[in-house]
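The chain contents come next:
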Amino acid sequence: MVFQALAREQIGCWQSSDIGRLHARARCGLLAGPRAPHTRSAGPALHATNKRGGSAASSGGNSGDDVAGLAKVLFKDVMTGLTGSGSSSSTSSSGRGTAAAAAALPEDLRSPSYAIATANAVMFLACALVPLLPASAVLLNHKAPQIWQLLTSSFAHPSLESVMQCVFFTYVFGRVVERNHGVWTTWAVYIACGATAAALAWWLIPAKAGLLTSAAPAAAWGLFLVGVGIPRLAKKPLEVACLAPFAFAATTGRYAHASAALLTDGTAVGHLVHVVGAGLAAALASCVIHVVEGILEARERKRLEEKRQAEAASQEEAMSRMISMASEAAAKLGKKLG
């Protein structure tokens, strides 16, 4: 709108100067023919005068056409310079958005919470239905532990009740982590908390206990801490105070059979090993997430600032180009009318 107003003002100046020059010539007698010396020659003289006036008018009309043509060219060049890059970028972004929308999967297939819950259920069914895959091969076997059990124990369960509880907590708290931090962070938090809990239990619980433990409840506890417990502790302490005891009691209840496997001053603490391991991993994951997201936010702010400066420079360049083209057009009109 600003460019259009400036262009209209410039065209008005050109037309007014053109008309002023024509009036000046008329006053000086340049457009008027010589006076008829007598009545008999008045007809041809008047005809010549009218012819000259018509030619002057036609030249004025041609000048007006030149002004309109130059104005149209000016508008076209300026608008092309202003909208060319924006249209190309919008076209490319719309193309990428269309491709992304076409390649998008349903929410259930894209959500890591659903995928983790499905993996837990599939692992339990496989151990129950496949004789060659006993639960002792995927759960953490404290009597004969294997390195891969640090990962598989995060998806294996000794009972159907354990599967149902883990699926519930994974869905509720995993969705919070997913919305706040993304898909890959949800997977990383779940696996890191489960593996850390299993590693701590492998280290502290003696082999003579002969236990089979699952790290899946501890991994779900880690999702609760990263999604709700740690980030909302300062903002919504009442919410954390209501949810934390429920989640803690439900998680430690899954390890009640291991409580007597580890004693501290005569107190059974074996059921807290997995919970503590997952809590340590969740605290570390929260710190890493906070640092990484801070760096990404700083980069995004810098990118947006650079984009804003580039747009401002582009607008300034377009304005300079428009002024230069207007000056050239005025000079051409001056040469024609001079």
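Residues numbered from 1 in each chain as written. Predicted model: local features only at pLDDT ≥ 70, side-chain atom pairs only at ≥ 80, totals over all residues. Heavy atoms only, no water.

## Some words on the overall build of the protein chain
At step 1: Scanning the protein chain from N- to C-terminus turns up eleven helices and four strands.
At step 2: Per-residue burial for the protein chain yields a buried fraction of 31% across its 338 residues.
At step 3: Here the contacts in the protein chain between residues at least 6 apart in sequence split such that 76% fall between residues at least 24 apart.
At step 4: Only carbon and sulfur atoms are counted for the fraction: they give 65% of the accessible area of the protein chain, which is about 20,100 Å². (Helix = DSSP H or I, 4+ residues; strand = E, 2+ residues; numbered from the N terminus. Buried < 20%, exposed > 50% of the residue type's maximum accessible area, 1.4 Å probe, protein only. Contact = heavy atoms within 4.5 Å. Areas by Shrake-Rupley, 256 points an atom, 1.4 Å probe, with all protein chains shown as cover.)

## Let's talk about the confidence of the model for the protein chain
At step 1: Model confidence for the protein chain is summarised by a mean pLDDT of 76, while 68% of its residues fall at 70 or above.
At step 2: Across residues 1-7, confidence stays below pLDDT 50; counting only partners more than four residues off in sequence or on other chains, it has nine contacts. (pLDDT = per-residue confidence, 0-100.)

## Details of the side chain of Ser111
At step 1: With respect to the helices and strands, the residue Ser111 is situated in the loop between α3 (107-110) and α4 (112-129).
At step 2: Looking at Ser111, the relative accessible area reads 1%, which means it is buried.
At step 3: Within the local environment of Ser111, its side chain forms a polar contact with the side chain of Glu178, the two groups lying 2.9 Å apart. (Polar contact = N/O pair within 3.5 Å; in protein donor to acceptor, adjacent residues only side chain to side chain.)

## Remarks on helix α9 (residues 216-229)
At step 1: Between its first and last C-alpha, α9 extends 18 Å over 14 residues, near the 20 Å set by a 1.5 Å rise per residue.
At step 2: α9 sits mainly inside the fold: 14 of its 14 residues count as buried. (Expected span 1.5 Å × (residues − 1).)

## Thoughts on the pattern of salt bridges
Any two side chains of opposite charge can pair, so long as their charged atoms come close to each other.
At step 1: Inspection of the entire model under this criterion finds five salt bridges.
At step 2: In this structure, the salt-bridge partner of Glu161 is Arg254, at a minimum N-O distance of 3.2 Å. A residue pair is termed long-range when its members are at least 10 positions apart, and Glu161 in helix α7 (residues 160-181) and Arg254 in the loop between α10 (237-253) and β3 (263-264) qualify at 93 residues.
At step 3: Across the salt bridge formed by Arg232 and Glu239, the nearest N and O atoms sit 2.5 Å from each other.
At step 4: Relative accessible area serves as the criterion here: at 25%, Arg232 is assigned to the partly exposed category. (Salt bridge = Lys/Arg side-chain N within 4 Å of Asp/Glu carboxyl O.)

## Looking at the side chain of Thr152
At step 1: Its location among the elements puts Thr152 in helix α6 (residues 149-152).
At step 2: For Thr152, a relative accessible area of 17% corresponds to the buried category.
At step 3: Within the local environment of Thr152, its side chain forms a polar contact with the backbone oxygen of Val138, the two atoms lying 2.8 Å apart.
At step 4: Leaving out residues up to four positions away in the same chain, Thr152 has contacts with Ala137 and Val138.

## Some remarks on the nonpolar core
At step 1: With 35 residues, the main nonpolar core has Val189, Tyr190, Trp221, Phe224 and Val226 as its most contacted residues.
At step 2: Looking at this core, the element that brings in the most residues is α9, giving ten residues.
At step 3: Other than its neighbours up to four places away in sequence, Val189 contacts Gly222, Leu223, Val226, Ala285 and Ile289.
At step 4: Counting 13 residues, the second largest nonpolar core, distinct from the first, contains Leu140, Ala258, Ala261 and Leu262. (Core = buried A, V, L, I, M, F, W, Y, C linked by side-chain atoms within 4.5 Å.)

## Some details on the packing of aromatic side chains
Both the distance between ring centres and the angle between the ring planes are used here to describe each pair of aromatic rings.
At step 1: Under the counting rule described, the total for this entry stands at eight aromatic pairs.
At step 2: When the ring of Phe168 is compared with that of Phe169, the centres are 5.6 Å apart and the planes differ by 55 degrees; the resulting orientation is tilted.
At step 3: Phe168 gets classed as partly exposed once you look at its relative accessible area, which sits at 46%.
At step 4: Here Phe169 falls in the buried class, since its relative accessible area comes to 5%.
At step 5: Among the aromatic residues, those joined into a ring-pair cluster are Phe168, Phe169, Phe173, Trp221, Phe224, Phe246 and Phe248. (Phe/Tyr/Trp six-rings, centres within 6.5 Å; stacked < 30°, edge-to-face > 60°.)

## Considering α4
At step 1: A rise of 1.5 Å per residue sets the reference length of α4, with its 18 residues, at 26 Å; its end C-alpha atoms lie 25 Å apart and thus fit the reference within 8%.
At step 2: Here α4 has its buried residues at Pro112, Ser113, Ile116, Ala117, Asn120, Met123, Phe124 and Cys127. Considered in projection along α4, the buried side chains sweep an arc of 145 degrees and stay on one side of the axis.
At step 3: Capping the start of α4, Ser111 holds a side-chain oxygen 3.4 Å from the backbone nitrogen of Ser113, two or three residues further along. (Arc of directions from axis to C-beta.)

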